[in-house]
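Coordinate inspection notes
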Amino acid sequence: MEKINHGKIKALIYKYLEILQSLGYTHLSFSRTLKKETVQSIEASKTNMLSDFSSSLNTNYQKIIPKEKVDQELNLLKNKVENCQYCQHLVAFRTQTVFGTGNPLSKLMFVGEAPGAEEDQQGEPFVGPAGQLLTKMIKAMGLSRDQVYIANVLKCRPDIPKGQKGNRKPTPEEMATCLPYLLSQIRLINPKVIVALGATAYEGLTGKIGIKISEVRGKFIDFNGAFLIATYHPSYLLHNPSLANKRKVWEDMLAVMSKLQMPISEKQKNYFLS
């Protein structure tokens, strides 16, 4: 069994609290439940740390931000992200930060795991092949990209060895460090539904490390007053473009449309059935 690195966890918590303080949070509320300190409970505490922090911000999420202040507050938050220096290895590797894009008053928000190479170059989330597919999914719902809001858990592209191509999965520690920025975005935008694109995005949002997307996709859970649902990442469909997989993702989008009380045509209901 992996040895618990208490020093590392403590440093991560302090870093997390420091970012929350810089974003204007003054206090957190936790229940006074005591757990037996066994190795098993400590390990569970470690993997659920992000979930505990996220839940502690619940009361702050319920405050509705006046519309005229949303853009202003998002711009201030974006400036903080652009000047973030907490993960030095990511700061040294990134071309620029990738904050988010779309309608800041949208009731629908899509969240991915981290920027890729194209996003790092352009400074906008989901602009590569997976982003193009996401755009098609949004269009099939009867919406456009500028009607929803799109962001990532990480605001920097995860670093990879020099000369190596592709992208790597962000670590739980990297997601924990960056999570306060995303939580602040969600608080300001106040979406009704959040779609986690892939298992890693779901892990970053909930702190439930090691989940299988097949076990959680299509199921709504409460996320600080919003409905959170997970589905397959568009890149998964690019590599596994079967009709069955496309239909699973589309069923998730139909569930989202229903939750948002959007009209659903017979044509939309029958997408990817044959």
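Refer to the structure printed above.
The paragraphs below set out a description of the structure included in this document. (Residues numbered from 1 in each chain as written. Predicted model: local features only at pLDDT ≥ 70, side-chain atom pairs only at ≥ 80, totals over all residues. Heavy atoms only, no water.)

So, the packing of aromatic side chains
Our working rule: Only centres within 6.5 Å qualify two rings of Phe, Tyr or Trp (six-membered ring in Trp) as a pair; their planes then separate them into stacked at under 30 degrees, edge-to-face at over 60, and tilted for everything else. Partly exposed describes any residue whose relative accessible area lies between the buried limit of under 20% and the exposed limit of over 50%, with all areas from a 1.4 Å probe on protein chains only and scaled to the type maximum. For the purposes of this entry, the term helix denotes a DSSP run of H or I that reaches at least four residues, the term strand denotes a run of E that reaches at least two, and both are numbered from the N terminus. A ring is scored as having a charge over it whenever the NZ atom of a lysine or the CZ atom of an arginine sits within 6 Å of its centre and within 35 degrees of its normal.
What the rule picks out here adds up to 4 aromatic pairs. Ring geometry for F220 and F227: centres 6.1 Å apart, planes at 80°, overall edge-to-face. On the accessibility criterion, F220 (27% relative accessible area) is partly exposed. Between W250 and Y271, the ring centres sit 5.2 Å apart and the planes meet at 50°, which makes this aromatic pair tilted. Of the two residues, W250 sits in helix 13 (residues 243-259) while Y271 sits in the segment after helix 14 (266-269), which places them 21 residues apart along the sequence. Three or more aromatic residues joined by ring pairs form one cluster here, namely W250, Y271 and F272. Between K155 and the ring centre of F99, over which it is positioned, the NZ or CZ distance is 6.0 Å. Sitting over the face of the ring of F227, K259 holds its NZ or CZ atom 4.3 Å from the ring centroid.

A word on empty space enclosed by the protein
As a reminder of what qualifies: Put plainly, a pocket is an open set of points on a 1 Å grid over the protein atoms alone with protein on both sides within 12 Å along at least five of seven lines, a cavity is a set where a 1.4 Å probe fits but cannot get out, and a lining residue has an atom within 4 Å of a point. Grid points are joined across faces, edges and corners, and a volume is the space filled by probe spheres set on the points. Here the nonpolar group is Ala, Val, Leu, Ile, Met, Phe, Trp, Tyr, Cys and Pro; Asp, Glu, Lys and Arg are the charged ones; every other residue, Gly included, is treated as polar.
All told, the structure shown has 1 cavity of 30 Å³ or more when counted by the stated rule. Space inside the largest cavity adds up to approximately 110 Å³. Counting residues per element, the ones that place at least two in the lining of the largest cavity are helix 6 (88-93) and helix 9 (172-189). Considering each element in turn, the lining of the largest cavity owes the most residues, 3 residues, to helix 9. When grouped by side-chain class, the residues that make up the lining of the largest cavity number 10 nonpolar, 2 polar and 2 charged.

Considering the sheet that holds strand 1 (residues 100-102)
By definition, the strands of a sheet pair up through backbone hydrogen bonds, in either a parallel or an antiparallel sense. Where we set the bar: Here, a strand pair is defined by DSSP locating no fewer than two bridges between the strands. Axis definition: a line fitted to C-alpha atoms, over the contacting stretch in the case of helices. Angles run 0 to 180 degrees between N-to-C directions.
On the basis of which strands lie adjacent, the open sheet formed by 6 strands has the order 1-3-2-4-6-5 and mixed pairing. Looking along the sheet, the strands with just one partner apiece sit at the ends: strand 1 and strand 5 (221-223). Pairs of neighbouring strands in the sheet enclose a mean axial angle of 25°, with direction left out of account. Bridging between strand 2 (residues 108-112) and strand 3 (residues 149-152) involves 4 bridges; their strand directions are parallel. Within the sheet, the bridge partner assigned to F110 lies in strand 3 and is I150.

Quick word on the environment of G112
As a reminder, the rule being used: In this description, contact between two residues means that some pair of their heavy atoms is separated by no more than 4.5 Å.
Inspection of the secondary structure puts G112 in strand 2. Placed 39 residues apart in sequence, G112 and A151 show a C-alpha to C-alpha distance of 6.4 Å. Once residues within four sequence positions are removed from consideration, G112 is found in contact with F126, A151, N152, V153, L197 and A201.

Quick word on the pattern of salt bridges
To keep things clear, this is the line we draw: A pair is scored as a salt bridge if a Lys or Arg side-chain nitrogen falls within 4 Å of a carboxyl oxygen belonging to Asp or Glu.
Under the counting rule described, the total for this entry stands at 7 salt bridges. Across the pair R145 and E124 runs a salt bridge whose closest N-O atoms are separated by 3.3 Å. Remark: E124 occurs in the loop between helix 7 (117-122) and helix 8 (129-140) and R145 occurs in the loop between helix 8 and strand 3; sequence separation between them is 21 residues. By relative accessible area, R145 is classed as buried at 18%. Among the salt bridges present, the one from E174 reaches R168, with a minimum N-O distance of 2.7 Å. Within this structure, D159, R168 and E174 form a network of salt bridges that share partners.

Topic: helix 5 (residues 67-82)
As a reminder of what qualifies: To estimate the expected span of a helix, count its residues, drop one, and scale the result by 1.5 Å. The directions from the helix axis to the C-beta atoms form the arc being described.
Between its first and last C-alpha, helix 5 extends 23 Å over 16 residues, near the 22 Å set by a 1.5 Å rise per residue. Among the residues making up helix 5, those that are buried are V70, L74, L77 and V81. Each buried residue of helix 5 lies within a common arc of 65° when the element is viewed along its axis, so the set occupies one face. Among the exposed residues of helix 5, those oriented more than 90 degrees off its buried face are E68 and N75. The inward-facing, buried residues of helix 5 contact helix 9.

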